[in-house]
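Here's the letter readout for the chains.
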Amino acid sequence: MTTVLERVKTALTALSPAVPFAYEKYLTANGADLPDAFLVYFDADDAGAQHADNVETHRLWRIQVSYYSRAGAPSFDNVDAVMTAAGFTKGPGGKLPRDEQTRHFGRRRDYYYLDTV
Amino acid sequence: MTTRGTFEIKGLDAYLEALAKAEQNVDAAVAEVLEEARPIAEANMQQRLRASSELWTGETAATVQVTPPQQDGNYTFIALEAGNADVLQAFYKEFGTTRQAAEPFWRPALTELRRTGLKRMMKQVLERMGVEA
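Now for a description of the structure that goes with this document. (Residues numbered from 1 in each chain as written. Chains lettered and ligands numbered in written order. Predicted model: local features only at pLDDT ≥ 70, side-chain atom pairs only at ≥ 80, totals over all residues. Heavy atoms only, no water.)

### Observations concerning the overall build of chain B
- Scanning chain B from N- to C-terminus turns up four helices and five strands.
- With the C-alpha coordinates of chain B rotated into their principal frame, the extents come out at 55 × 25 × 20 Å.
- Classification of the 133 residues of chain B by burial places 42% in the buried group.
- At a minimum sequence separation of 6, the contacts of chain B that also span at least 24 residues come to 67%.
- In the form shown here, chain B has an accessible surface area of approximately 7,200 Å², with 47% of it arising from carbon and sulfur atoms.
- Of the side chains in chain B, 15 bear a positive and 19 a negative charge, and the two mean positions are spaced by 6 Å. (Helix = DSSP H or I, 4+ residues; strand = E, 2+ residues; numbered from the N terminus. Buried < 20%, exposed > 50% of the residue type's maximum accessible area, 1.4 Å probe, protein only. Contact = heavy atoms within 4.5 Å. Areas by Shrake-Rupley, 256 points an atom, 1.4 Å probe, with all protein chains shown as cover. Lys, Arg positive; Asp, Glu negative; His and termini not counted. Charge placed at Lys NZ, Arg CZ, Asp CG, Glu CD.)

This is how it looks when you write it as structure tokens:
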């Protein structure tokens, strides 16, 4: 059974043009610099959404995708397209503070997935 | 950068209708529910903050607060707040940075309050008022 995080990974792999991404934190080898643009995704929370006879039938997942770019405020159009194609719905988003050290601008968006348990 | 969020509670219509039918003050009942929710919401945020933090300094915890119920027309609300212009750690902790993995505490607390907490409290307030929902 495909997990929700596997669905996110598959969706982001389909981005065209491709954007490097990682779960939770983008790690580089041997102190190499971060890419000019990259994505980070993680499960912000998950909660039972529906029960039948006290047994959970559906769980709602909230996935945050953060998009960092040195070129300015990133656009989520392509990310929205692959995530909604994978069955996620768009949630709230917002700006992330520019990191003065890595020089990345950032934006984030939550996506929801109602998983059958 | 203060982290502040609001959300709508759905599924409470039956309770509110019962209050109105019983000629009780709906606004007062909602404010009472939210006032009861305040310490629970704050405790929930603090507990999640503590549980999700690999490194504990207490700076973010010191900024966590839940405002008293406020009314704007028919809209009654409380605000769950963390962080301020001087303490940005709350924002970084909740949403992450290029170099720091996020450790959400505020959104999970909102989710729990929205999904189960407020409905349960509304039911208890109605019972105290002698109103059947």
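Once you've had a look at it, read on.
### Quick notes on the nonpolar core
- Counting 42 residues, the largest nonpolar core has Met45, Leu80, Phe105, Trp106, Leu113, Met122 and Leu126 of chain B as its most contacted members.
- Counting only elements with at least two residues in this core, the list comes to strand 2 (37–52) of chain A together with helix 1 (13–21), helix 2 (26–52), strand 5 (80–82), helix 3 (89–95) and helix 4 (106–129) of chain B.
- Not counting chain neighbours up to four residues away, the residues in contact with methionine 45 of chain B comprise Val64, Leu80, Glu81, Ala82, Phe105, Trp106 and Ala109 of chain B.
- Among the nonpolar cores identified, the runner-up in size contains 19 residues, and Tyr41, Val65, Tyr111 and Tyr113 of chain A belong to it. (Core = buried A, V, L, I, M, F, W, Y, C linked by side-chain atoms within 4.5 Å.)

### Examining unusual backbone geometry
All names here are of chain A.
- Proline 17 follows serine 16 through a cis peptide bond whose omega is 0 degrees.
- Take proline 17: it is sitting in the loop between helix 1 (4–13) and strand 1 (21–23).
- Its identity as a non-glycine residue notwithstanding, aspartate 53 has a phi of 50 degrees, on the positive side.
- Within the secondary structure layout, aspartate 53 lies in the loop between strand 2 and strand 3 (55–69).
- The phi dihedral of arginine 103 is positive, around 70 degrees, even though this residue is not glycine.

### Focus on the sheet that holds strand 5 (residues 104–116) of chain A
Residues and elements named next belong to chain A.
- Taking strand neighbours across the sheet as the criterion, the five strands line up as 1-2-3-5-4 in an open arrangement whose pairing is mixed. What marks the edges here is a single partner per strand, and that holds for strand 1 and strand 4 (89–99). Direction aside, the axes of adjacent strands within the sheet are offset by 25 degrees on average.
- Against the sheet, helix 1 contacts strand 1, strand 2, strand 3 and strand 5, and its axis sits at roughly 145 degrees relative to strand 2.
- Seen against the sheet, helix 2 (residues 77–85) touches strand 2, strand 3, strand 4 and strand 5 and runs at an angle of roughly 10 degrees to strand 5. (Pairing = 2+ DSSP bridges. Axes fitted to C-alpha atoms, helices over the stretch in contact; angles between N-to-C directions.)

### Describing the layout of surface pockets
Residues and elements named next belong to chain B.
- Roughly 420 Å³ of internal volume is contained in the second largest pocket.
- Lining of the second largest pocket is provided by 19 residues; of these, Glu54, Leu55, Lys93, Gln100 and Glu103 occupy positions nearest its centre.
- Contributing elements (two or more residues each) for the lining of the second largest pocket: helix 2 and helix 3.
- Considering each element in turn, the lining of the second largest pocket owes the most residues, three residues, to helix 3.
- Within the lining of the second largest pocket, the residues separate by chemical class into seven nonpolar, seven polar and five charged. (1 Å grid on protein atoms, 1.4 Å probe; cavity = no way out; pocket = protein on both sides within 12 Å on 5 of 7 lines; lining within 4 Å. Points joined across faces, edges and corners; volume = space filled by probe spheres on them. Nonpolar A, V, L, I, M, F, W, Y, C, P; charged D, E, K, R; others polar.)

### Some thoughts on the side chain of aspartate 99 of chain A
- With respect to the helices and strands, aspartate 99 of chain A occurs in strand 4.
- Within the structure, aspartate 99 of chain A has its side chain in polar contact with the backbone nitrogen of threonine 102 of chain A (distance 3.1 Å).
- Setting aside its immediate chain neighbours within four residues, aspartate 99 of chain A contacts His104 of chain A together with Thr98 and Arg99 of chain B. (Polar contact = N/O pair within 3.5 Å; in protein donor to acceptor, adjacent residues only side chain to side chain.)

### Quick word on the interface of chain A and chain B
- Residue-level contacts link 24 residues of chain A with 16 residues of chain B.
- When the two sides are added together, the surface that chain A and chain B hide from each other amounts to roughly 1,600 Å², 55% of it contributed by carbon and sulfur.
- Scanning the region where chain A abuts chain B turns up two salt bridges.
- For the side of chain A that touches chain B, the elements supplying multiple residues, two or more each, are strand 2, strand 3, strand 4 and strand 5 of chain A.
- Broken down by element, the residue count for the side of chain A that touches chain B peaks at seven residues, all from strand 2 of chain A.
- Among the residues forming the side of chain A that touches chain B, the class breakdown is ten nonpolar, six polar and eight charged. (Buried area = accessible area lost by both parts, 1.4 Å probe. Salt bridge = Lys/Arg side-chain N within 4 Å of Asp/Glu carboxyl O.)

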